[in-house]
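# Coordinate analysis (summary)
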Amino acid sequence: QVQLAESGGGVVQAGGSLRLSCVASGSWFRINTMGWYRQAPGKQRELVAAMSSGGSSNYADSVKGRFTISRDNAKNTVYLQMNSLRPEDTAVYYCHAEASRVYSRAPDDYWGQGTQVTVPS
């Protein structure tokens, strides 16, 4: 299967920045979409940003203009640059990958363990 490892979370004051990284590892897989979700305590997990292998991206309305997703396909790595952070951005951020086994077109979903981002009020 595919393993995802996130890093870069932490505590930052409102208006500050953080950069999250996620590296995918495994064998006999092809990654299609990579992205980031987040989940605050008591809330549902929500999509933050995602990018296809071809470079198409989409963002949650709440982060447009502040967050930027990027990928390095050769390294199976996705990044999330978070600027102008707000207290509402406080959540556990999860890396996500949609990947297919090399012998199948049917994709599966893979998740990282999560990294905490805290923006105090």
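Scroll up for the structure.
Residues numbered from 1 in each chain as written. Predicted model: local features only at pLDDT ≥ 70, side-chain atom pairs only at ≥ 80, totals over all residues. Heavy atoms only, no water.

## Focus on the environment of E6
Checked against the element boundaries, E6 lands in strand β1 (residues 3–7). Classification of E6 by relative accessible area gives buried; the value is 8%. Placed 51 residues apart in sequence, E6 and S57 show a C-alpha to C-alpha distance of 19 Å. When near neighbours in sequence (up to four residues on either side) are disregarded, E6 contacts S21, C22, W36, Y93, Y94, C95, G112, Q113, G114 and T115. Within the structure, the side chain of E6 is placed 2.8 Å from the backbone nitrogen of C95, a separation counted as a polar contact. Among the polar contacts made by the side chain of E6, one reaches the side chain of Q113 at a distance of 3.0 Å. (Helix = DSSP H or I, 4+ residues; strand = E, 2+ residues; numbered from the N terminus. Buried < 20%, exposed > 50% of the residue type's maximum accessible area, 1.4 Å probe, protein only. Contact = heavy atoms within 4.5 Å. Polar contact = N/O pair within 3.5 Å; in protein donor to acceptor, adjacent residues only side chain to side chain.)

## What about the state of the cysteines?
Each disulfide is one covalent bond, formed between the sulfur atoms of two cysteines. Summed over the entire model, instances satisfying the criterion amount to one disulfide. In this model, C22 is linked to C95 through a disulfide, with the two sulfur atoms separated by 2.0 Å. Handedness here is read from the sign of the S-S torsion; for C22 and C95, about -85°, the answer is left-handed. Separated by 73 residues along the polypeptide, C22 in strand β3 (residues 18–25) and C95 in strand β9 (residues 91–101) bring together distant segments of the chain. (Disulfide = S-S within 2.5 Å.)

The values are spatial; any link to function lies outside them.
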